[in-house]
Amino acid sequence: MSADSTDGLSTEPTTEPTTEPTTEPTTEPTTLVIFGGTGDLARRKLLPALFQLGCKDRLPENLKIIGFARQNLTDDNYRDLMGDSVREFGSLAHRTDEWAMFAKNIFFVPGDLDSPGDYAKLKSRLEFLEEGRQPANRLFYLSVAPRFFGPAVANLGSSGLAGEPGLGRVEQGWRRAVIEKPFGRDLDSAQALNESVGRVFDESQVYRIDHYLGKETVQNLLVFRFSNTIFEPLWNRNYVDNIQITASEEVSVGDRAGYYDQSGVIRDMVQNHLLQLLTMVAMEPPNAMDANSLRNHKIEVLRAIRRGGPEGAARNTVLGQYKGYLDETGVDPGSSTPTFAALRLYVDNWRWQGVPFYLRTGKSMAEKVTEIVIQFKRPPHMMFSAAPGDELSPNSLALCLQPDEGVHLRFGVKIPDQGMFMDSKDMSFHYDSAFKDQDIPEAYERLLQDALEGDASLFIRSDHIEQAWRIVEPLLDSKNRPHPYEPGTWGPEAADRLLAENGHKWLGLCGAEDEGHA
Ligand code: BG6
């Protein structure tokens, strides 16, 4: 895959210039600077993923990692801290020798994101580590609170870290910025952030993260759809009755309550992860796996999603809040922040006209499961019946994204020795049994590797982010109070009624309960 190729399809003035130099295996000095280097994400995900990549020999030769944060740490303190993290959250326990080698390339620069002087210090440390060589490549990872995204990027620009005036990109090496979510809190703030990022970096240098895209099973969606001829002919309104995307979590908001109460489920999960999954299920087949083709096709789906304004949002959305949320530390006792959402969306195009897409996500639910269920239409004429007391279910296909990664296909079979009565059974594929010797890597491994290699396919373009905000904005403006629901359930009953209006019900083929999730 290459960030630089185009598919010739787009008639849009694409926001993706194609001038980045390619970054095939190189001996040029390459440095990854992690802003927020001591934070939760760096400790739990980034360093464990980087170490894992190092062990697999998938990092640029001699990659150096600099943690940048406010604490006053030495390089050795930081190495120890990260060693503890990789021991706790990664694979260090079995690989102490490899860690010793890896840790030699880890450094720390104490600094404040708002202080231009500290960027100057970072710059001289970088130049020292680069041994004054050029070209030298730099990846800046903004693993910091969203309010710092704009100022940090501006400081990267004014300090010269993002690019030296008068020097071309090829001479000085590539510069890229990885920006974590949430990217904005609504359309206006996302546009403003895109503008300020665009003053420093060109779009091809910006890697906006949605970690769902780094998940193997999410990428498998593309492989499943576009490498098998048997499903794609059915993948449309002629055969599909409805599509359901569930991302339920058992955990409550816990110690993230302060952040969560300001965000809520729409910003936290729907605007990004769920809409990403929807685009991958609904998109047209791209003609190449490059960043432009993929992202152009995904945004076409977002553009086709029907936008009914506040009334449409009220009619097609159920919000919920788990009982006990208001007692969480950090939550405003009068808060109406939703912790659950169920949505009915329509994609107004030739392929999907009239097919409801149901999205459901929430905290404190019955089970942690992320799955996509394609429910097919019933046969036009039925000659058989279900066993007395049973109900016949139409064919469905479930893509189980986590935790039990795999695929289930449900079909009708004859019950033996019971006349012509039928039952529904699943044919299943599970990654853990099919690929016994291969672990499924963490999403951040893939994303960090892609960012270092200059492949933006699994990152989000500015126009996508903005369009996703346009879709959810009426939901954010909703004045409806969320329905209370019991923790440990599948959300408020109103979410079931939403589907019942169309004669549907929530399906779950992947989770422990294996049926219904309702
Ligand atoms: C994050 C959200 O983006 O995704 C969290 O901020 C959520 O609230 C998490 O728990 C879910 O990710 P995963 O990979 O566990 O499904």
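The preceding data block contains the structure.
Now for a quick tour of the structure. (Residues numbered from 1 in each chain as written. Predicted model: local features only at pLDDT ≥ 70, side-chain atom pairs only at ≥ 80, totals over all residues. Heavy atoms only, no water.)

1. Focus: the packing of aromatic side chains
Part 1: Scanning the entire structure with this criterion turns up 19 aromatic pairs.
Part 2: Between F51 and F102, the aromatic rings sit 5.4 Å apart at their centres with planes inclined by 70 degrees, giving edge-to-face as the arrangement. Residue F51 is located in helix α1 (residues 40-55), and its partner F102 is located in helix α3 (residues 96-103); the two are separated by 51 residues in the primary sequence.
Part 3: You can call F51 buried: its relative accessible area is 1%.
Part 4: What makes F102 buried here is its relative accessible area of 13%.
Part 5: With a centroid separation of 5.0 Å and an interplanar angle of 65 degrees, the aromatic rings of F429 and Y431 are classed as edge-to-face.
Part 6: Residue Y431 is classed as buried on the basis of its relative accessible area of 16%.
Part 7: Taken together, the ring pairs connect Y259, Y260, Y322, Y325, F340 and Y485 into an aromatic cluster.
Part 8: In this arrangement the basic side chain of R208 is found over the ring face of F183, its NZ or CZ atom lying 4.9 Å from the centre.
Part 9: Looking at K215, its charged tip hangs above the ring of Y212, at a distance of 4.8 Å from the centre. (Phe/Tyr/Trp six-rings, centres within 6.5 Å; stacked < 30°, edge-to-face > 60°. Helix = DSSP H or I, 4+ residues; strand = E, 2+ residues; numbered from the N terminus. Buried < 20%, exposed > 50% of the residue type's maximum accessible area, 1.4 Å probe, protein only. Lys NZ or Arg CZ within 6 Å of the ring centre and 35° of its normal.)

2. Focus: the nonpolar core
Part 1: Ranked by size, the top nonpolar core spans 145 residues in total, and within it F35, L278, F357 and I372 carry the most contacts.
Part 2: A per-element tally of this core places helix α9 (residues 257-282) first, with 13 residues.
Part 3: Excluding residues within four positions of it along the chain, L278 makes contact with I245, V301, I305, L345, V347, F357 and L359. (Core = buried A, V, L, I, M, F, W, Y, C linked by side-chain atoms within 4.5 Å. Contact = heavy atoms within 4.5 Å.)

3. Brief notes about the sheet that holds strand β2 (residues 64-69)
Part 1: One open sheet accounts for six strands, arranged β3-β2-β1-β4-β5-β6; its pairing is parallel. Edge positions in the open sheet fall to β3 (106-110) and β6 (206-208), since each of these has one partner strand only. Mean inter-strand twist for the sheet, computed between neighbouring axes without regard to direction, equals 20 degrees.
Part 2: Bridge count for β2 against β3 is five bridges, and the pairing is parallel. Within β3, the position partnered with A69 by the bridge is P110.
Part 3: Relative to strand β4 (residues 137-142), helix α5 (residues 149-158) is tilted by about 160 degrees, and along the sheet it contacts β1 (30-35), β4 and β5 (175-179). (Pairing = 2+ DSSP bridges. Axes fitted to C-alpha atoms, helices over the stretch in contact; angles between N-to-C directions.)

4. Some points on the pairing of strand β13 (residues 396-402)
Part 1: β13 sits mainly inside the fold: seven of its seven residues count as buried.
Part 2: In this sheet, β13 lies alongside strand β11 (residues 369-376) in antiparallel orientation, the contact comprising six bridges. Note on β13: the bridge partner recorded for I372 is L399.
Part 3: Pairing between β13 and strand β14 (residues 406-414): five bridges, direction antiparallel. Looking across to β14, one finds that L399 is bridged to V407.
Part 4: Here β13 folds back onto β14, and the loop between the two strands holds three residues.

5. Some thoughts on the site of the ligand
Part 1: The ligand sits among K181, H211, Y212, K215, E249, R256, D268, M269, H273, K363, K368 and Q402.
Part 2: Within the contact set of the ligand, an oxygen atom lies 2.5 Å away from a side-chain nitrogen or oxygen of D268.
Part 3: Measuring from an oxygen atom of the ligand, one finds a side-chain N or O atom of Q402 at 2.6 Å.
Part 4: Alone, the ligand offers 400 Å² of accessible surface; in the complex the protein occludes 81% of this.
Part 5: Ranked by residue count, the leading element in the shell around the ligand is α9, at three residues.
Part 6: Of the residues in the shell around the ligand, the class split is two nonpolar, three polar and seven charged. (Near = heavy atom within 4 Å. Polar contact = N/O pair within 3.5 Å; in protein donor to acceptor, adjacent residues only side chain to side chain. Areas by Shrake-Rupley, 256 points an atom, 1.4 Å probe, with all protein chains shown as cover. Nonpolar A, V, L, I, M, F, W, Y, C, P; charged D, E, K, R; others polar.)

6. A closer look at a nonpolar patch on the surface
Part 1: On the surface, M382, M383, F384 and M420 cluster together into a nonpolar patch covering about 410 Å² of accessible area.
Part 2: If you trace the backbone, M383 turns up in the loop between β11 and β12 (385-386). (Patch = residues over 30% accessible without salt bridge, like charges linked within 9 Å, V, L, I, M, F, W, Y side chains within 5 Å. Salt bridge = Lys/Arg side-chain N within 4 Å of Asp/Glu carboxyl O.)

7. A short note on empty space enclosed by the protein
Part 1: One pass over the structure, following the stated rule, counts four cavities of 30 Å³ or more.
Part 2: There is about 90 Å³ of room inside the largest cavity.
Part 3: Lining the largest cavity, in full, are K181, P182, F183, I209, Q271, N272, Q276, I460, H464, I465 and A468.
Part 4: For the lining of the largest cavity, the secondary-structure elements that each account for two or more residues are α9 and α14 (462-476).
Part 5: Looking at the lining of the largest cavity, its residues break down into six nonpolar, four polar and one charged. (1 Å grid on protein atoms, 1.4 Å probe; cavity = no way out; pocket = protein on both sides within 12 Å on 5 of 7 lines; lining within 4 Å. Points joined across faces, edges and corners; volume = space filled by probe spheres on them.)

8. A short note on the state of the cysteines
Part 1: Here the structure, examined in full by the defined rule, presents one disulfide.
Part 2: Bridging C400 to C510, the disulfide has an S-S length of 2.0 Å. Between C400 and C510 the sulfur-sulfur dihedral comes to about -80 degrees; the bridge is accordingly left-handed. Here C400, found in strand β13, pairs with C510, found in the segment after α15 (493-500); they are 110 residues apart in sequence, far enough to count as distant. Considered together, C400 and C510 belong to a single accessibility category, that of buried residues. (Disulfide = S-S within 2.5 Å.)

9. Description of α5
Part 1: Those residues of α5 that fall on the buried side of the exposure criterion are F149, G150, A152, V153, N155 and L156.
Part 2: Here the buried face of α5 lies against β1, α4 (116-129), β4, β5 and α7 (187-198).
Part 3: One or two steps after α5, the chain reaches G160, where phi turns positive at roughly 85 degrees.

10. Brief notes about the packing of helix α8 (residues 216-227) against α9
Part 1: Interaxial distance between α8 and α9 falls to 9 Å at its minimum, and their mutual angle equals 10 degrees. Here α8 lies roughly parallel to α9, going by the angle between them. Contacts between α8 and α9 involve V218, L221, L222 and R225 from the first element and L277, M280, V281 and A282 from the second.
Part 2: Across the contact of α8 with α9, the residue classes tally to seven nonpolar, no polar and one charged. (Parallel < 35°, antiparallel > 145°, perpendicular 65-115°, else oblique.)

11. Concerning the sheet that holds strand β8 (residues 317-322)
Part 1: Taken in spatial order, the ten strands of this open sheet run β12-β15-β14-β13-β11-β7-β10-β9-β8-β16, and their pairing is mixed. The open sheet has two edge strands, β12 and β16 (483-485), and neither has a second partner.
Part 2: α9 rests against β7 (240-248), β8, β9 (340-346), β10 (356-362), β11 and β13 of the sheet, and its axis sits at about 145 degrees to β10.

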